[in-house]
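Structural features, examined
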Amino acid sequence: MSNARNIAKLIPNASGQLPASVIPDNSITAAKVVDNALSYSKLGGGAICNVWFTSDASHNYANNQTGFTWLEITFTPAYTNSKFLIICTIAGAAADDAHGYIERYTSGSWSRPSSMVGTNDYPGSWGDWSITRATEDKQILQYSAVYIDQPNTSGVIGYRARNTCENTAGFYSNRSMGWDGGYNSNTSRSTMMIMEIKV
């Protein structure tokens, strides 16, 4: 009789699920999961398929409106129609009007998507670091940009940051304008994280 009861417990309910009491805690381990048993196709909408991260503590310098690019991540998505959560934090300071934005790589080239910048003459993804020039030369500002992007492509996708400055007064990454290596000279680290979200 007890065996019959145990077998009855293994019959799924109307939703196709086994009762939680049948599966003891920690009974399903990585060693017991068959390779490829948990595939992308079995994930529901809203599931995070992939996460990419990079960081950079280097002291770069921009003295024109072309500037420099950094924090670059490229990858092949799990799905053509995936959405991507982009979180990018830039630390730095500027002695004159500084500007920064996120670029996207698709179809073999980099571009600045309008969905991730403002609408003025110099659309950016972040604020202006030059507020530091009005305070003191040992201050760093850390701005974060958070966007959702859906490029709809199965090819290689990439994201990176570009930082520029109006003139030679300059934008300094991860350091203050008056950085001299002393106790009061702050430094920081800038980061980029991408999450692929299944639609």
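Residues numbered from 1 in each chain as written. Predicted model: local features only at pLDDT ≥ 70, side-chain atom pairs only at ≥ 80, totals over all residues. Heavy atoms only, no water.

1. Concerning the pattern of salt bridges
We count it as follows: Salt bridges, as used here, are contacts in which a Lys or Arg side-chain nitrogen is within 4 Å of a carboxyl oxygen on Asp or Glu. Each helix is a run of DSSP H or I of at least 4 residues and each strand a run of E of at least 2, with the numbering of both proceeding from the N terminus. Residue exposure (1.4 Å probe, protein chains only): buried if accessible area is under 20% of the type maximum, exposed if over 50%, otherwise partly exposed.
Counted according to the given criterion, the structure contains four salt bridges. A salt bridge links Arg 160 to Glu 72; its shortest N-O distance comes to 3.7 Å. Of this pair, Arg 160 sits in strand 8 (residues 157-165) while Glu 72 sits in strand 3 (residues 68-75); the two residues are 88 residues apart in sequence, bridging distant segments of the chain. Of the residues examined, Glu 72 reaches a relative accessible area of 44% and is grouped as partly exposed. With a closest N to O distance of 2.7 Å, Arg 162 and Glu 103 form a salt bridge. Taken together, the residues Arg 162 in strand 8 and Glu 103 in strand 5 (residues 98-106) connect sequence positions 59 residues apart. Exposure remark for Glu 103: the relative accessible area of 6% places this residue in the buried category. Sharing partners across several salt bridges, the network here consists of Glu 72, Glu 103, Arg 160 and Arg 162.

2. Let's talk about the packing of aromatic side chains
For any pair of aromatic rings, the description consists of the separation of the ring centres together with the inter-plane angle of the planes. For the record, the criterion: Pairing of aromatic rings covers Phe, Tyr and Trp, the last through its six-membered ring, and needs centres within 6.5 Å; plane angles under 30 degrees mean stacked, over 60 mean edge-to-face, and all others mean tilted. The rule is short: NZ of Lys or CZ of Arg within 6 Å of the ring centre and within 35 degrees of the ring normal puts a charge over the ring.
Scanning the model with the defined rule gives eleven aromatic pairs in all. Where Phe 68 meets Trp 70, the ring centres are 5.6 Å apart and the plane angle is 65°; that geometry is what we call edge-to-face. Joined through ring pairs, the aromatic side chains of Phe 68, Trp 70, Trp 126, Trp 129, Tyr 143 and Phe 171 make up one cluster. One cation-aromatic arrangement involves Arg 112 over Tyr 101; the distance from NZ or CZ to the ring centre is 4.3 Å. Seen from the ring of Trp 110, Arg 160 lies directly overhead, with NZ or CZ sitting 4.0 Å from the centre.

3. Structural notes on the environment of Phe 84
Selection rule: The contact criterion used throughout is that any non-hydrogen atoms of two residues lie within 4.5 Å.
Within the element layout of this structure, Phe 84 appears in strand 4 (residues 83-94). The spatial distance from the C-alpha of Phe 84 to the C-alpha of Tyr 147 is 8.0 Å, given a sequence separation of 63 residues. Those residues in contact with Phe 84, other than ones at most four positions away along the chain, are Trp 52, Phe 75, Pro 77, Tyr 147, Ile 148, Asp 149, Pro 151, Ile 157, Tyr 159, Ile 194, Met 195 and Glu 196.

4. Examining the pairing of strand 5
Rules: DSSP-based pairing: two strands are paired if at least 2 bridges between them are found.
The buried fraction of strand 5 amounts to eight of the nine residues, a majority that puts the element mostly inside the structure. In terms of strand pairing, strand 5 meets strand 8 through eight bridges, oriented antiparallel. Paired with Ile 102 across the two strands is Ala 161, which belongs to strand 8. Where strand 5 and strand 6 (residues 109-111) come together, three bridges link them in antiparallel fashion. Note that in strand 6 the partner of Thr 106 across the bridge is Ser 109. Adjacent in sequence and paired antiparallel, strand 5 and strand 6 are bridged by two residues, among which Ser 107 carries a positive phi angle near 55°.

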